[in-house]
Amino acid sequence: MSAVTKSAFPNSPSGLKLTEAHNLSLKLSWNVLSGSNGYLVYNKTTDKYYFTTANSINVTGLTAGTTYKFCVKAYKLNGSQKVYGSASAYLTVSTTPKD
């Protein structure tokens, strides 16, 4: 097994933002991080993880009128193993209340 050096880790993604908000879903996006193979998005409020290879994600199944905290990490593949970089700053967002 080869050693993983610090240079193997991608940087932290920047520009995490809310691009759409609905009562049960949110769309988040961030700047593409060159050299990464994908991203892990973490919902701190629900303790759920989402994986994507795009620089945006639709998070569904949320509760209307609730505040959530998200961060994103980039990863590179080292063989079949994901090597994660640092997490972005947390973004606090809310779903729209029910009518």
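Remember, predicted model here, so these are calculated numbers, not experimental data. (Residues numbered from 1 in each chain as written. Predicted model: local features only at pLDDT ≥ 70, side-chain atom pairs only at ≥ 80, totals over all residues. Heavy atoms only, no water.)

1. Quick look at the overall build of the protein chain
Secondary structure assignment for the protein chain yields zero helices and eight strands. For the protein chain, the N- to C-terminal ordering of α and β elements is β-β-β-β-β-β-β-β. Of all intrachain contacts in the protein chain linking residues separated by at least 6 positions in sequence, the fraction that spans at least 24 positions is 61%. Carbon and sulfur atoms form 49% of the exposed surface of the protein chain, whose accessible area is close to 5,900 Å². (Helix = DSSP H or I, 4+ residues; strand = E, 2+ residues; numbered from the N terminus. Contact = heavy atoms within 4.5 Å. Areas by Shrake-Rupley, 256 points an atom, 1.4 Å probe, with all protein chains shown as cover.)

2. A short note on the environment of Thr 60
Mapped onto the elements of the fold, Thr 60 is located in the loop between β5 (56-59) and β6 (67-78). Each residue touching Thr 60, except ones within four places of it in the same chain, is listed here: Leu 24 and Ser 25.

3. Focus on the pairing of strand β8 (residues 91-94)
Burial along β8 is one-sided: the residues Leu 91 and Val 93 are buried and none of Thr 92 and Ser 94 is. Sheet topology places β6 next to β8; four bridges connect them, and they run antiparallel. Looking across to β8, one finds that Thr 67 is bridged to Ser 94. (Buried < 20%, exposed > 50% of the residue type's maximum accessible area, 1.4 Å probe, protein only. Pairing = 2+ DSSP bridges.)

4. Concerning the nonpolar core
Leu 28, Trp 30, Val 41, Ile 57, Val 59 and Phe 70 are the most contacted members of the largest nonpolar core, which totals 17 residues. For this core, the secondary-structure elements that each account for two or more residues are β2 (26-29), β3 (38-43), β5, β6 and β8. Broken down by element, the residue count for this core peaks at four residues, all from β6. Ile 57 has contacts with Leu 26, Lys 27, Leu 28, Trp 30, Val 41, Tyr 50 and Thr 52, leaving out every residue within four places of it along the chain. (Core = buried A, V, L, I, M, F, W, Y, C linked by side-chain atoms within 4.5 Å.)

5. Notes on the side chain of Thr 95
With respect to the element layout, Thr 95 can be found in the segment after β8. Side-chain polar atoms of Thr 95 contact the backbone oxygen of Thr 63, separated by 2.6 Å. Here the side chain of Thr 95 touches Gly 65 through a polar contact of 2.9 Å, landing on its backbone nitrogen. In contact with Thr 95, other than residues within four places in its own chain, are His 22, Asn 23, Leu 26, Leu 62, Thr 63, Ala 64, Gly 65, Thr 66 and Tyr 68. (Polar contact = N/O pair within 3.5 Å; in protein donor to acceptor, adjacent residues only side chain to side chain.)

6. Focus: the sheet that holds β5
Spatially, three strands are ordered β1-β2-β5 in an open sheet, and the strand pairing comes out antiparallel. In this open sheet, the two strands that pair with only one neighbour each are β1 (17-21) and β5. When strand polarity is set aside, the average angle formed by the axes of neighbouring strands in this sheet is 20°. Bridging between β2 and β5 involves four bridges; their strand directions are antiparallel. The residue bridging Lys 27 from the neighbouring strand is Asn 58, located in β5. (Axes fitted to C-alpha atoms, helices over the stretch in contact; angles between N-to-C directions.)

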